[in-house]
2 protein chains.
Amino acid sequence: MYQSLHSIEYLLDHFNQAFTQLHGEKQPAELYIPINYTLSQGGKRMRPLLMLLACDMFGGNIEEALNPAIGIELFHNFTLLHDDIMDQAPLRRGKETVYKKWNTNVAILAGDTIFAQANLFILTSPSRSKTRVARLFNRTAIEVCEGQQYDMNFETSSSVSIHEYIEMIRLKTAVLLAASLKMGALIAFASEQSAKILYDFGIKLGLAFQLKDDLLDVYGSQEKFGKVSGGDIIECKKTFLYLKALELAGNQAGELRQIYTSSALPNKDKVTAVKEIFSSLGIREITQKEIEKYYQEAVDMLASLDIPGTYKVPLQQYTSELMYREK
Amino acid sequence: MYQSLHSIEYLLDHFNQAFTQLHGEKQPAELYIPINYTLSQGGKRMRPLLMLLACDMFGGNIEEALNPAIGIELFHNFTLLHDDIMDQAPLRRGKETVYKKWNTNVAILAGDTIFAQANLFILTSPSRSKTRVARLFNRTAIEVCEGQQYDMNFETSSSVSIHEYIEMIRLKTAVLLAASLKMGALIAFASEQSAKILYDFGIKLGLAFQLKDDLLDVYGSQEKFGKVSGGDIIECKKTFLYLKALELAGNQAGELRQIYTSSALPNKDKVTAVKEIFSSLGIREITQKEIEKYYQEAVDMLASLDIPGTYKVPLQQYTSELMYREK
């Protein structure tokens, strides 16, 4: 039966083919042109892939998970549309954001429309698991909104603890990965216990993933990561690295805070100065350790799942790719 | 069995009691305080009432429709939150709008959260009709977004036909009333045919309702309607009255357009001048006739429903209240 598992490449292709077919010439054009623009921007497809992998792993029919996987990717795109307004982000995946290219109103409305479409796709889940899948989806949506609110709160808060930061990224990022996995398991009719283990695995994976993102922003090769190195530092974002550094800086904390929030320093000098302090405190290694801690917890959880080890291989492989990525 | 039907007053009280219990002290407060603020503003509760009346009419258990009715009212509040941003409306039901009192970001996110909550409540529909109810709900949500986009398009469009206007209010207003009625019927396990008739009834009712709103804005007693008389004229809104007047004005059309879009005239003078033109063209009577046409079509549809006439009385009564309201 192991031979019948699908490869990551196959699942990705299969998903992308289905997702591309959403493109349509619906009216009013003022609403659907921005929607088509958003949906044709590509992306890692992490959430639908996790859902399909989870479904496949429990012997489910991946065709039954395909439309719900479209739903989860639509939802992800909806959050990006609205987040970009809130964060005033000019670019997304190298292109102008919808609110910049058109206006805020269209970005709000395009997002709302995509969220409703997402629910329609989620509702195509097989009847035996439909209600659980759809409830999990909307409960998760609420948590993602809560996470975004915490993230906005942090912008103006003078003291954010590491604990609060982890809770924020759990809500803003991890729960959606976890829910994608659990929905895939539910569609495959896995036991409630297995689905829960996979959810908890997803939380750990999501935390590790976001911390890795924080790390790559500072230490990733700019070429590979495709973003300006140190972008978070330039934008004074309260990341794990910064909060950890503040915690450990002792007398240096005031200086770090001043440099980090300074708008007087040229970007390059600011990044260099912050990285020097990070370096003196061993922040890179501490963050790397924290990522490995969550990653290991995720791996252990996957190991505890009561199914043959061979069925776990594609998900293990994908998880490992996410963790050892350099972009 | 007729005796067992519930009165409008009972249904309204019953709904309001359940709706009030949503109020909770959830975290983050920065998100839930604006949500509680929005949900405690009251309202006509037209959509949940229509759903409960439809459910009751077909012998359904109104307790099974109560949570879905909360879902539809939550959805309505979500649309108001986002519409107020897009329309830059400072006031809603006499109070500051969320985006004014707090900011646009919170209003976006509060709306998104309420939309997800709405879906959770819709998903409590009894299993026999859950999928159809939830699909109808989200399909309707998409149409409402499309209607809002058309409405925004009209603001900058130089020529809007009556036909386009009716299609806009069908999407923006009527489909949600129609869907509320159909969902109530589906929850009561009415036949597909009956549910469809009730949907079509709701469309006609919705069109008549919106045209009545347009009419009251100009000719309603300010005291009773609770809004500034002529508000639509002051804001240059392309209502049925204005579009009909343009259509009939002939040589006067240019003058009407100039006065209507003028920002030089004092509000009072502008309203008086526009009303004079409306009066010379018989716009009030024409609009009243159009309302009666849609209302009569709705009444005929209700009459064609194959259930005992006595079961239709509360819905007929409520419909008539909506039509003969002066506010």
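Preceding this section is the structure that the text describes.
Computed from a predicted model, the values in this text were never measured in an experiment. (Residues numbered from 1 in each chain as written. Chains lettered and ligands numbered in written order. Predicted model: local features only at pLDDT ≥ 70, side-chain atom pairs only at ≥ 80, totals over all residues. Heavy atoms only, no water.)

(A) Molecular detail of the overall build of chain A. Each helix and strand counted, chain A has 16 helices and 2 strands in total. The C-alpha radius of gyration of chain A comes to 20 Å, within 12% of the 20 Å expected for a compact globule of 327 residues. Projecting the C-alpha coordinates of chain A onto the three principal axes gives extents of approximately 60 × 50 × 35 Å. Taken over 327 residues, chain A has a buried fraction of 58%. Considering only residue pairs separated by 6 or more positions, chain A has 74% of its internal contacts joining residues 24 or more positions apart. If you sum the accessible surface of chain A, you get close to 13800 Å²; carbon and sulfur atoms cover 49% of it. Side-chain charges of chain A comprise 35 positive and 39 negative groups, with the mean position of each set lying 1 Å from the other. (Helix = DSSP H or I, 4+ residues; strand = E, 2+ residues; numbered from the N terminus. Rg over C-alpha atoms; globule rule 2.2 N^0.38 Å. Buried < 20%, exposed > 50% of the residue type's maximum accessible area, 1.4 Å probe, protein only. Contact = heavy atoms within 4.5 Å. Areas by Shrake-Rupley, 256 points an atom, 1.4 Å probe, with all protein chains shown as cover. Lys, Arg positive; Asp, Glu negative; His and termini not counted. Charge placed at Lys NZ, Arg CZ, Asp CG, Glu CD.)

(B) Structural detail: helix 14 (residues 267-281) of chain A. Residue and element names in this part refer to chain A. Over its 15 residues, helix 14 extends 21 Å from the first C-alpha to the last, a length consistent with the 21 Å expected when each residue adds 1.5 Å. Restricting attention to buried positions, one finds in helix 14 the residues Lys270, Val271, Val274, Ile277, Phe278 and Leu281. On an axial view of helix 14, the arc spanned by its buried residues comes to 130°, and they lie on one face. Seen from the buried face of helix 14, the exposed residues on the opposite side, beyond 90 degrees, are Lys268, Glu276, Ser279 and Ser280. (Expected span 1.5 Å × (residues − 1). Arc of directions from axis to C-beta.)

(C) Main features of the side chain of serine 125 of chain B. Residues and elements named next belong to chain B. Here serine 125 is to be found in the loop between helix 6 (104-122) and helix 7 (127-156). Only 2.7 Å separates the side chain of serine 125 from the backbone oxygen of isoleucine 122, close enough to count as a polar contact. Not counting residues within four places of it along the chain, the set of residues in contact with serine 125 comprises Pro68, Lys130, Val133 and Ile187. (Polar contact = N/O pair within 3.5 Å; in protein donor to acceptor, adjacent residues only side chain to side chain.)

(D) Just the relation of the copies chain B and chain A, in detail. With an RMSD of 0.0 Å, the operation that places chain B on chain A is a rotation of 180° combined with a shift of 0.0 Å along the axis. In the structure described here, the two chain copies are related by an operation that fits a two-fold rotation axis. When the interface residues of chain B are mapped onto chain A, 100% of them again lie at the interface, so the same face is used by both copies. (Least-squares fit on C-alpha atoms with pLDDT ≥ 70 in both.)

(E) Representation of the packing of aromatic side chains. With the rule as written, the count across this model stands at 19 aromatic pairs over all chains. Ring-pair connections join several aromatic residues into one group, and the members of that group are Phe75, Phe78, Phe115 and Phe137 of chain A together with Phe75, Phe78, Phe115 and Phe137 of chain B. In this arrangement the basic side chain of lysine 182 of chain A is found over the ring face of tyrosine 199 of chain A, its NZ or CZ atom lying 5.9 Å from the centre. The positively charged end of lysine 293 of chain B is found above the aromatic ring belonging to tyrosine 294 of chain B, 4.5 Å away from the centroid. (Phe/Tyr/Trp six-rings, centres within 6.5 Å; stacked < 30°, edge-to-face > 60°. Lys NZ or Arg CZ within 6 Å of the ring centre and 35° of its normal.)

(F) Highlighting the interface of chain B and chain A. Contacts between chain B and chain A engage 36 residues on the former and 36 residues on the latter. For the pairing of chain B and chain A, the buried interface totals around 3400 Å² over both sides, and the portion due to carbon and sulfur atoms is 71%. In terms of surface lost to chain A, no three residues of chain B exceed Leu109, Leu120 and Gln149 of chain B, which account for 16% of the buried area on that side. Applying the counting criterion to the chain B and chain A interface returns 0 salt bridges. Remark: the boundary between chain B and chain A carries 8 residue pairs in polar contact (both at pLDDT 80 or more). Here the element with the most residues in the side of chain B that touches chain A is helix 7 of chain B; it accounts for 15 residues. Taken together, the residues of the side of chain B that touches chain A break down into 19 nonpolar, 11 polar and 6 charged. (Buried area = accessible area lost by both parts, 1.4 Å probe. Salt bridge = Lys/Arg side-chain N within 4 Å of Asp/Glu carboxyl O. Nonpolar A, V, L, I, M, F, W, Y, C, P; charged D, E, K, R; others polar.)

(G) Region of interest: the packing of helix 7 (residues 127-156) of chain A against helix 8 (residues 162-187) of chain A. All names here are of chain A. As a packed pair, helix 7 and helix 8 sit with axes 8 Å apart at the nearest point and diverge in direction by 165°. Accordingly, the angle class assigned to the pair helix 7 and helix 8 is roughly antiparallel. The handedness of the crossing between helix 7 and helix 8 comes out as left-handed. Among the residues making up the contact of helix 7 with helix 8, the classes are represented as 15 nonpolar, 4 polar and 8 charged. (Axes fitted to C-alpha atoms, helices over the stretch in contact; angles between N-to-C directions. Parallel < 35°, antiparallel > 145°, perpendicular 65-115°, else oblique. Left-handed = near helix turned anticlockwise from the far one by under 90°.)

(H) Focus on the state of the cysteines. One pass over the structure, following the stated rule, counts 0 disulfides over all chains. Unpaired in this structure, cysteine 145 of chain B has its nearest cysteine sulfur neighbour in cysteine 145 of chain A, at a distance of 15 Å. By relative accessible area, cysteine 145 of chain B is classed as buried at 6%. (Disulfide = S-S within 2.5 Å.)

(I) Structural view of the pattern of salt bridges. Following the criterion strictly, the structure yields 24 salt bridges over all chains and no others. Among the salt bridges present, the one from lysine 204 of chain A reaches glutamate 297 of chain A, with a minimum N-O distance of 2.9 Å. One end of the pair, lysine 204 of chain A, is in helix 9 (residues 192-219); the other, glutamate 297 of chain A, is in helix 15 (residues 283-304), with 93 residues separating them in the sequence. Here lysine 196 of chain B ties to aspartate 200 of chain B by a salt bridge, and the two come within 2.7 Å at their closest N and O atoms. Remark: aspartate 200 of chain B and lysine 196 of chain B occur in helix 9 (residues 192-219); sequence separation between them is 4 residues, near one turn of the helix. On the basis of relative accessible area, lysine 196 of chain B is assigned to the partly exposed category, the value being 46%.

(J) Quick look at the side chain of asparagine 77 of chain B. Residue and element names in this part refer to chain B. Mapping asparagine 77 onto the fold places it in helix 4 (residues 62-87). Judged by relative accessible area, which is 2%, asparagine 77 ranks as buried. Leave out the neighbours within four places in its chain, and asparagine 77 touches Phe19, Thr38, Leu39 and Arg93.

(K) Summary view of unusual backbone geometry. Residue glutamine 27 of chain A is joined to proline 28 of chain A through a cis peptide bond whose omega torsion reads 0°. For proline 28 of chain A, the position within the fold is in the loop between helix 1 (8-20) and helix 2 (29-39). If you check the backbone angles, arginine 93 of chain B has positive phi at about 50° while not being a glycine. Relative to the assigned elements, arginine 93 of chain B resides in the loop between strand 1 (91-92) and strand 2 (95-96). Look at arginine 93 of chain B and you get partly exposed, because its relative accessible area is 35%.

(L) Examining the environment of phenylalanine 78 of chain A more closely. Locating phenylalanine 78 of chain A in the fold gives a position in helix 4 (residues 62-86). By relative accessible area, which is 2% here, phenylalanine 78 of chain A ends up buried. Apart from the residues within four sequence positions on either side, phenylalanine 78 of chain A is in contact with Gly111, Asp112, Ile114 and Phe115 of chain A together with Asp112 of chain B.

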